[in-house]
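# Working through the structure, step by step
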Amino acid sequence: MDAANGTDVNGPKRHRETHLEYCSGSNALVIRLQMLHVEPIVGGTYSTEVEAWWTVPVGRMCVPARRKMILGERPVLMARIGRQSQNTAHDHDLSIKGQNNVRATCWRNSSFKPLFSSVCDMSPSRSILLVGEGNFSFSSSVCKLDSESGSNITATCLQHHEEALRHDGAAANIQTIKDSGGSVLFEVDCTKLGECAFLKGRVFDLVVFNFPHCGRKSGVKKNRELLKNFFLSCVEVLAEDGEVHVSLCNGQGGTPADQPKREWHNSWQVSAMAAEAHLILSAVRQFESDNLPSYKSTGYRSQDKGFHVGKALLHVFSRSAPFTPVQIVQMEEVVEGETVHYNIPAELSDYVSRGFLSSDSIHPVKLVQDFLLEGLGEHWPVSMKRDPFPHLMSAKQLQTCCHDLDNLQYYWIHLLQKELTSQAQEDDAVRSNMKATSPPTKTDRVRSKGTESLQPVCCHDFNLEVEGGLYLLRPSLLPQLEELLMNKDISGNAEPQEEIDQSSEVEGSKAGEACDGCNGSSSLLFGISGVVFRSVPISLWALPAFHEILLTGVFPLENEPVKLIGHELEALLSPYGVSIVTEEKSLHLVAQPMGLIGKVFASNTADDNNHVTVSASLNLDLLAVLLFSLPDWRLLWSHDPRFLKQFSLRPPPGTSFQPFSLYPESFSFDISFWTGPAWEEKMFHAIVREASCGTVEQVKLIDTFSHPDLSQTSYCYRLIYHSHTHALSHTQALTFHKELEVLLSSRMQVTVR
């Protein structure tokens, strides 16, 4: 079996969809193949139908390209993957063979070699814009290396024609660019690209700015402003999937890649300036001037002198996904046999109907669930019920279990009320809507099903012991699992196979047999998984919504099943930093820095007193953060396709996630206000989440003051804005903060100071 793609080299022809990813490092060819048809040929070579993405270095740029290649069309692609020896982990080589035997081969960890010129017929035309050129030696070098690729190169400079020709070698370089089919433009201000008549209506796949500088002894503030204005300008001519490359001397960028790193206030803050144009820093690599023999930097302090490029860095930027606006999500579900309508709280609108746990999902939450079920399935048959359950449940359902949950963390929901046609009914509806912050009565919930429009009613703070008729978003799956087991009589004589989705991968051959006597020693595990909701204060590891997997089974008391299941979970998860802590009659699974990620507990004793029902509840989101080394749990909810792309090959746990947004900056803002004697901090955190689109990662109360005469209290909170999923600039964070002030004033009647 070939370890590279799981195909038997000497086996029969296969027709299957699989993936292969090959990366030879930043200095050589990078190729990604999606194999649709794999056919082994003599010598371990595969003839394939593929879709390919590759990146070829051109000087210090990496020019991305993509093309679908189907066997029989031109060019034919042949890939050979060398076997991995026991002594080296990087001995793969890969060959690309085009028509007329044009071939390029690269080896992992090899030194840079200009490969692009020999595979010109395999690269589609690319449009490249170079700004801020001095003597045009860089553009000329690119044209020489890229002469046969068909790329369209446009080189520009700020100076007028006569001044540009004063640079040593400029005339020859300009002629080289023109002879290669490129264009040269003069008097082009890189901060006003949209105003250039020649560039109007054009978009570029790549925009390059090497060693930007305001000239002479300009300070860091002026150069930051130059960078910001350049980024804002270049996005006007940048293709949607294009890149921006900015080369800076060591230390100027202000990122951890700079060694030594300058203090933030003394750097050009390149990632923060790019964020102003909704660009994220995707990669940082060494500026390799040695690969461009004819390149000579110039323009240092407005002189014909070169920059110090010895440890210079190339910063690669790409567009950020837009922020997802808060939406009103209206739900219709059946709760206890009654069809109900309600609105999801605004701050949770992006956490519903995402389908992360669907059968065909490649989301890391699903990969973690599959990993757990496979591991536990080696010891017990596991039957998973797909989640058809409503997000809403009644307080009565919750009272039967979940006694250890904090009711201050519940998201209480009022149902939507229907407008009625008669005047008397309209009056009733008005009175009902005036009680928007009061609990709904049974009459409210079963009001006439006449017409037509729905009015939202919602509240945040109820007393569970008093308000027994309320609804809430499910904080746990336990009530629904217990209801499922009770209705299907899983522990009795009924046969549950009709409604329980049984997965052959985790159950094995004993699944059907175990169902007939699952309250005996067979110890069949039943489970469900889905999103649950907790109204928790904002902090680094406080998740308002997460995916819970809940497994339960009946075990003999003599086997100490709580310890038994805890031991198996610890064996699966301890390599990733999870440990077991004993808490009274349960076991807690904990990890740093997030804390509690799950627990194993005994629910009740079975009917014969010799067996006990044991359940295990795990937070799949936090486990995904651990198992794939995610820097932030909010990445799991990202809409950016670059996130899921890393999981398209279904990597095993332990595979580290590679951030697509490097070194995002955080911004701190304080907010203070006067409020009355009744202060609802729970609602405050909900409004912060809504106003900031989830970008606030920490909220800290730093000061309070109660006025002795006015019966008012002043609160001062510090908010930290930070995002690993979007380009969050200072301007955008300030916009969110201003929106927070507006919402607090209108909804909580506070007086912002």
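What counts as what
Residues numbered from 1 in each chain as written. Predicted model: local features only at pLDDT ≥ 70, side-chain atom pairs only at ≥ 80, totals over all residues. Heavy atoms only, no water. Axes fitted to C-alpha atoms, helices over the stretch in contact; angles between N-to-C directions. Helix = DSSP H or I, 4+ residues; strand = E, 2+ residues; numbered from the N terminus. Parallel < 35°, antiparallel > 145°, perpendicular 65-115°, else oblique. Left-handed = near helix turned anticlockwise from the far one by under 90°. Contact = heavy atoms within 4.5 Å. Nonpolar A, V, L, I, M, F, W, Y, C, P; charged D, E, K, R; others polar. Buried < 20%, exposed > 50% of the residue type's maximum accessible area, 1.4 Å probe, protein only. Pairing = 2+ DSSP bridges.

Let us now look at the packing of helix α6 (residues 364-377) against helix α13 (residues 561-573). Orientation of α6 relative to α13, taken along the N-to-C sense of each, is 130°, at an axis distance of 10 Å. Classified by the interaxial angle, the pair formed by α6 and α13 is oblique. Crossing of α6 against α13: the hand is right-handed. Packed against α6, whose contacting residues are F371, L372, G375 and L376, the element α13 presents E568, L569, L572 and L573 at the interface. Among the residues forming the contact of α6 with α13, the class breakdown is six nonpolar, one polar and one charged.

The next point concerns the pairing of strand β29 (residues 667-675). The element β29 is extensively covered by neighbouring structure, given that seven of its nine residues are classed as buried. With nine bridges connecting them, β29 and strand β31 (residues 713-721) associate as antiparallel partners. The partner of F673 across the bridge, within β31, is Y715. With two bridges connecting them, β29 and strand β32 (residues 751-752) associate as antiparallel partners.

Another point: the sheet that holds β29. Read across the open sheet, the four strands follow the order β30-β31-β29-β32; overall the sheet is antiparallel. A strand with exactly one partner marks an edge of an open sheet, and here the two such strands are β30 (696-706) and β32. Against the sheet, helix α16 (residues 681-691) touches β29, β30 and β31, its axis set at about 140° to β30. Helix α17 (residues 730-747) contacts β29, β31 and β32 of the sheet and is inclined by roughly 15° relative to β29.

Let us now look at the environment of N173. Following the sequence through the fold, N173 ends up in helix α3 (residues 170-179). Given the relative accessible area of 12%, N173 is considered buried. Counting along the chain gives 30 residues from N173 to C143, while the straight-line C-alpha distance between them is 9.7 Å.

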